[in-house]
Amino acid sequence: MQNPPQVTPEQLQKAREYVAKHRHINWYSDPYQLDESAIVEGILNYGTWEDFKVVFSLFRPLIFKDIFADLINPSRMRINIRPRTIHFFNKYLEKHA
């Protein structure tokens, strides 16, 4: 069985640099300390469609889909993504990832 794809250090660094330049995504934390889950959560909650497209292409569709699935996993203590956003991206990722 193959391991699921993972974000490379280079992809993560590029995503952090993107968030650092677009502070509306994550204004409350040091962008260079964020992990991939925090970046995706910030994009889904506060980003624009353009922000999503940039990070979606950086992380690649399957990686993004795995991170998203982990973020909305019902076993998490809390899910910080709105239900409408979850529904939209579930449908989008079904078709495009």
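Attention in this report is confined to the structure presented alongside it. (Residues numbered from 1 in each chain as written. Predicted model: local features only at pLDDT ≥ 70, side-chain atom pairs only at ≥ 80, totals over all residues. Heavy atoms only, no water.)

Along the protein chain, the regular secondary structure elements total 5 helices and 0 strands. In the protein chain, the order of α-helices and β-strands from amino to carboxyl end is α-α-α-α-α. When burial is assessed residue by residue, the protein chain has 37% of its 97 residues classed as buried. Expressed as a percentage of contacts within the protein chain between residues at least 6 apart in sequence, the contacts between residues at least 24 apart total 54%. Accessible surface for the protein chain amounts to roughly 6400 Å². Of this, 53% is attributable to carbon and sulfur atoms. Charged side chains of the protein chain number 13 positive and 11 negative; the gap between the two group centres comes to 6 Å. (Helix = DSSP H or I, 4+ residues; strand = E, 2+ residues; numbered from the N terminus. Buried < 20%, exposed > 50% of the residue type's maximum accessible area, 1.4 Å probe, protein only. Contact = heavy atoms within 4.5 Å. Areas by Shrake-Rupley, 256 points an atom, 1.4 Å probe, with all protein chains shown as cover. Lys, Arg positive; Asp, Glu negative; His and termini not counted. Charge placed at Lys NZ, Arg CZ, Asp CG, Glu CD.)

Another point: the pattern of salt bridges. Evaluated as defined, the whole model comprises 1 salt bridge. When the shortest N-O distance is used, the salt bridge between Lys-53 and Glu-50 registers 3.1 Å. Within this pair, Lys-53 and its partner Glu-50 are both found in helix α3 (residues 49-59), separated by 3 residues, close to a single helical turn. When its relative accessible area of 38% is taken as the criterion, Lys-53 is described as partly exposed. What makes Glu-50 partly exposed here is its relative accessible area of 47%. (Salt bridge = Lys/Arg side-chain N within 4 Å of Asp/Glu carboxyl O.)

Turning to the packing of α3 against helix α4 (residues 61-71), a few remarks are in order. Where α3 meets α4, the closest approach of the two axes is 6 Å, and the angle between their N-to-C directions is 110°. Relative to α4, the element α3 is oriented roughly perpendicular. When α3 is examined against α4, the residues Phe-52, Val-55, Phe-56 and Phe-59 are found in contact with a partner set consisting of Pro-61, Ile-63, Phe-64 and Ile-67. Tallied by class, the residues present in the contact of α3 with α4 amount to 8 nonpolar, no polar and no charged. (Axes fitted to C-alpha atoms, helices over the stretch in contact; angles between N-to-C directions. Parallel < 35°, antiparallel > 145°, perpendicular 65-115°, else oblique. Nonpolar A, V, L, I, M, F, W, Y, C, P; charged D, E, K, R; others polar.)

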